[in-house]
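Reading the structure
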Protein chains: 4
Amino acid sequence: MTEQTRRVIVDTDTAGDDTQALLLAAASERLDVEGITICAGNVEFEHQVENAKYTLDLAGVADDVTVYEGATEPLLATHDYADYIHGEGGLGGERFPDTGIPSGDQYGPDFIVEQARANPGELTLVCIAPLTNVALALQKEPKLGDLLDDVWVMGGNANCCGNVTPAAEYNFWVDPHAAKMVVDELDMTLFDWGVTVRETAFDGDTLDEFTAGIDTDLGEFFGEVATSVRAFNRESFGEDTTTQPDSGMMAAVIEPSLVVEAGRYHVEVDDRDGLTRGYSVVDENDVTDGEPRTTVVESFDNARFEAMFRAMLRGRSPESALD
Amino acid sequence: MTEQTRRVIVDTDTAGDDTQALLLAAASERLDVEGITICAGNVEFEHQVENAKYTLDLAGVADDVTVYEGATEPLLATHDYADYIHGEGGLGGERFPDTGIPSGDQYGPDFIVEQARANPGELTLVCIAPLTNVALALQKEPKLGDLLDDVWVMGGNANCCGNVTPAAEYNFWVDPHAAKMVVDELDMTLFDWGVTVRETAFDGDTLDEFTAGIDTDLGEFFGEVATSVRAFNRESFGEDTTTQPDSGMMAAVIEPSLVVEAGRYHVEVDDRDGLTRGYSVVDENDVTDGEPRTTVVESFDNARFEAMFRAMLRGRSPESALD
Amino acid sequence: MTEQTRRVIVDTDTAGDDTQALLLAAASERLDVEGITICAGNVEFEHQVENAKYTLDLAGVADDVTVYEGATEPLLATHDYADYIHGEGGLGGERFPDTGIPSGDQYGPDFIVEQARANPGELTLVCIAPLTNVALALQKEPKLGDLLDDVWVMGGNANCCGNVTPAAEYNFWVDPHAAKMVVDELDMTLFDWGVTVRETAFDGDTLDEFTAGIDTDLGEFFGEVATSVRAFNRESFGEDTTTQPDSGMMAAVIEPSLVVEAGRYHVEVDDRDGLTRGYSVVDENDVTDGEPRTTVVESFDNARFEAMFRAMLRGRSPESALD
Amino acid sequence: MTEQTRRVIVDTDTAGDDTQALLLAAASERLDVEGITICAGNVEFEHQVENAKYTLDLAGVADDVTVYEGATEPLLATHDYADYIHGEGGLGGERFPDTGIPSGDQYGPDFIVEQARANPGELTLVCIAPLTNVALALQKEPKLGDLLDDVWVMGGNANCCGNVTPAAEYNFWVDPHAAKMVVDELDMTLFDWGVTVRETAFDGDTLDEFTAGIDTDLGEFFGEVATSVRAFNRESFGEDTTTQPDSGMMAAVIEPSLVVEAGRYHVEVDDRDGLTRGYSVVDENDVTDGEPRTTVVESFDNARFEAMFRAMLRGRSPESALD
Ligand SMILES: [Ca+2]
Ligand SMILES: [Ca+2]
Ligand SMILES: [Ca+2]
Ligand SMILES: [Ca+2]
């Protein structure tokens, strides 16, 4: 169904599950990936750039999809990496790619602005990183929202405990000013940490299958990437599990019916330093005056997501698992 | 069981469910109510004072239990009443008591301090209001925590949506500075808005029984008090229900086994103005350095609570329903 | 002139210049000191209590003037002493008094409230410490402003650099919440750090005269107290000088014509933590909507103040120098 | 003296005194103006762009100097214009230019980055607007400080009353986040509101001479621009005066010896919303741990500045007045 192809730009801090999201996007015939922009986040910037290129190469699309380097720091907040989860390089182990593939010659936010202006109403922005690049694009082009077809954001924690602090999820916490700008200005679908925990987890059996039982390069790659997170979760929470925030959302971009339930709420991000840095107020009960313009995913079809993921690892398109 | 009698001071902003908490306390032979302190909260201060006296009178204990007037304003925050929920006077309807019963001649916080000093290790503080009085007692007597036997607090919202704002529950929101002081300094059991919503609700059938089917003064009183809240919930959330934060917790003070599950966590209250005023950080996953010293009630025995409540309305001791 | 006698309560964190303010008050026939209340501030609380008693004893009024112990901590802020300026005990040297004089049996804020209620319109509150005690009195008696005749406060920095931080003066910084409450609620005369620096300084010659050239117990006492501050200023700012915030203001309470110029402005204190903790916004150009109700001393008669101080050190009444 | 020519980019929110700063720059043979970038500030963005072009045209340099449009909004803060001072269009009266001159085809911050990269160590950035453009340039090119020769910023209020609020000066207030970023990252000379008020004022006689007694286009233009500010000051402060923040600083860029005294201090900008939005902490007494890297102009040669200004109005180079 060519007419259904969705043209996407993926903004990513490529480490851990970002790689799997890129692999899903690359493997899907429903998406055309117009470019990848890299944003300060999980691990050292240069590692992120290389991780993205390496992943695209593994997916066989490195010639078609260019990686653009964006913001190397949050707008204002001090930056903390998440390498204690993803490993120093972000791929969980000893893999520190050095691909030699050149980056695009535009600044990430400039690429987003230029593409949006050149293709009004055509592009979907898939944001699986802190929102610095998107905020800078928005600052440069205040009409960005009108120029885009759709925006999906992994971030925030809707009335549930965060991951990096009790009050906040990592992406929003890293650059709370950017998150506030973007959530204030753009209509979006939000895939938060709550739905991630509740509905994207792979259990031990699935992890065993995916990391050992699939004899492909992608299976091996996932095995390496997942091992670090799996160990972290086992140690921190006593649960043999990984969660898939970025690839979970990417699967929903490919197949929106994975979103079983969603509510449209007013959302506001706290950009102040301190206790609630990056906290996302989600007005579930409509008690504030704020306009409800964020679609918050509340329930997600984990079973079909897992099938799509398995298909991708086996070298097939994720949507092939949906029939 | 004289040796099991628990001596309590109840700090209350008497309106709505506060009255039922006082009735449970008065009707229980397991509690000796040493005094009632009134704190700025739900409705106009003078109404709260009269509501408390009226309730004690209805319970037949007005001669034994004195009402002490405390803080008429939060420490620093601007004060908003909750009379849109409880009705202007706080009793849901046209009842504006004027009992003529004199108040105690001590300032509420001073009464708490004096009693705690006079009875070291003997008293339980049951807090079902904003925490201004308790904070002032703590300011006057920094060793208050050591002098008390136990502290129970209704307030906060543990990783769930608040009631007065998405980020905050009413008691903590009204005086966030007091809440912060008290939560920082005192070991306590916290009965939050989350467990209130999940496990203290009376459904329509129960409300019908309690408000119409119990032919006692207390049944009639509950009927009046509940009607306003019930209508508010029906209109706001489309649910025919009332929640019982204060009386739910009081039942647990009487019968601690109503607490089915609880976790001991570090809790911190946000006392800043703005988006997260009164927000309670509850570090469920132990990711902060904070000492876990607050016992957060996570699951509660609603069925036995309902039975205790029914017994009280019928003029019996709440614990008589437990056999 | 009996009819001119002003009845004062002095709220003090007795260390350094607080002692000289107490000596001026005690030596003046124009003031009746009704009581001293001690507030958390400069040095360890117990030292402050003893310093006050010792000073009153030195002035020969320890039998007439009672010291009441108040707040031992700020309301909410973390407490930092200023003993790096005043010496560990607060008297600059090796003097750690242990007078054996009993404290009054009331909590400082309660004494203020009781006296104000018992003598409506009669009392002047002279505040030369962080404002915790006054805030607590105000919380207990919201009509405190109406009950007092006058309020003088040493604190804040009116559009000039602070002392403890560039943004704040020590008294307001120590308890910014209290300072905000008190400045919001009470009409007052404010003697800020700016006028202190500009117009209360004693230069090297004066200090030499006062510390060595006056052969009285008071002269010797001043010598000891001043030495520490003088050394601090010499080292920190390269200036051989001491400033007299507390005794400067006390002199103006005794002789209001020492205030040469003053403006009535809206003042607001920043009680947030961080960069501007304790900052005092003084709306000199009337650009905000705030009501101008604080009289800010802008210029002060240093020469006559010095004469009053000299008279006091020599054992005479300070006002005797005014003829 | 060709070797002394300083190559500058001027970042401006062209209204009022910005025009005179541009005229000084254009008239000086000591400066080469490489480009003008426009930043959200004083008046509606389109007016600012036209005002700049009109001013350059008046100075006869419109063909040589391009105007680049930058940020149309502050990074995060809500934007308030200052048109109540400068008149709706920013030129004080009925002049609403519509020059037809095209803008440069680069985004202002991109122009700054590109020029800085292309001419490392060559350029001076003269900032007489809110700092949004500079912050965006810095975000895109974190090494901006190393790439520039010098940075001069008009903004902040060093331990004195602000203009837009008691705590803040307009440029820092409009975009406090940008101001914080830029002050944190770049070494600079700061020309604040305090020195502006103390030492750049033109009195009534000078204003009469400049606005009526100089029969040139520039004299007439200044007359119009100054009239609005002069009336505002007469009405608001009862003083017949105008201050020259932007042209004052530009004169010092041309002739640095106009800076009579300056101190090197640690400066930090408050980017929080509320009472102290845009407040600049200037650590005059070196009491914080912050590194002193901002040169704050403390005293300025008003007489020579006035002479330079007069020369410019008369159609001569400003430096011609210095001989
Ligand atoms: Ca990511
Ligand atoms: Ca209550
Ligand atoms: Ca003092
Ligand atoms: Ca300007």
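The shown structure was predicted, so the numbers you read here are calculated from the model rather than taken from an experiment. (Residues numbered from 1 in each chain as written. Chains lettered and ligands numbered in written order. Predicted model: local features only at pLDDT ≥ 70, side-chain atom pairs only at ≥ 80, totals over all residues. Heavy atoms only, no water.)

Residue and element names in this part refer to chain C. Listed as protein donors to the calcium ion (ligand 3) are Asp13 (OD), Asp18 (OD), Asp18 (OD), Ile128 (O) and Asp246 (OD); their distances from the metal cover 2.2 to 2.6 Å. For the calcium ion (ligand 3), the donor residues sit on a single chain with the sequence spacing D-x4-D-x109-I-x117-D. Each member of the pair Asp13 and Asp18 is classed as buried. (Donors = N, O, S within 2.8 Å, 3.2 Å for Na, K, Ca; no water. Buried < 20%, exposed > 50% of the residue type's maximum accessible area, 1.4 Å probe, protein only.)

This brings us to the relation of the copies chain C and chain B. The two copies are related by a screw operation: chain C maps onto chain B through 180° of rotation and 0.0 Å of translation along the axis, at an RMSD of 0.0 Å. Interpreted geometrically, this transformation is the action of a two-fold axis. No C-alpha of chain C lies nearer the rotation axis than that of Arg272(C), which sits 3.6 Å from it. (Least-squares fit on C-alpha atoms with pLDDT ≥ 70 in both.)

All names here are of chain C. Judged by which residues are buried, strand S6 (residues 188-191) turns out to be covered on both faces: Met188 and Leu190 on one side and Thr189 and Phe191 on the other are all buried. Sheet topology places strand S5 (residues 150-154) next to S6; three bridges connect them, and they run parallel. Residue pairing in the sheet places Val153 in a bridge with Leu190 of S6. Here S6 runs beside strand S12 (residues 294-300); their pairing, made up of three bridges, is parallel. Within the sheet, the bridge partner assigned to Met188 lies in S12 and is Thr294. (Helix = DSSP H or I, 4+ residues; strand = E, 2+ residues; numbered from the N terminus. Pairing = 2+ DSSP bridges.)

Turning next to the interface of chain C and chain D. Contacts between the two partners involve 26 residues from chain C and, on the opposite side, 25 residues from chain D. Carbon and sulfur atoms make up 64% of the surface buried where chain C meets chain D, a total of about 1900 Å² over both sides. On the chain C side of the interface with chain D, the three residues burying the most area are Pro166(C), Arg272(C) and Leu275(C), jointly 31% of the side's total. Linking chain C with chain D are zero salt bridges. On the surface where chain C and chain D come into contact, there are four residue pairs in polar contact (both at pLDDT 80 or more). Looking at the side of chain C that touches chain D, the elements with two or more residues in it are strand S10 (267-269) and strand S11 (280-282) of chain C. Considering only residue class, the side of chain C that touches chain D consists of 12 nonpolar, eight polar and six charged. (Contact = heavy atoms within 4.5 Å. Buried area = accessible area lost by both parts, 1.4 Å probe. Salt bridge = Lys/Arg side-chain N within 4 Å of Asp/Glu carboxyl O. Polar contact = N/O pair within 3.5 Å; in protein donor to acceptor, adjacent residues only side chain to side chain. Nonpolar A, V, L, I, M, F, W, Y, C, P; charged D, E, K, R; others polar.)

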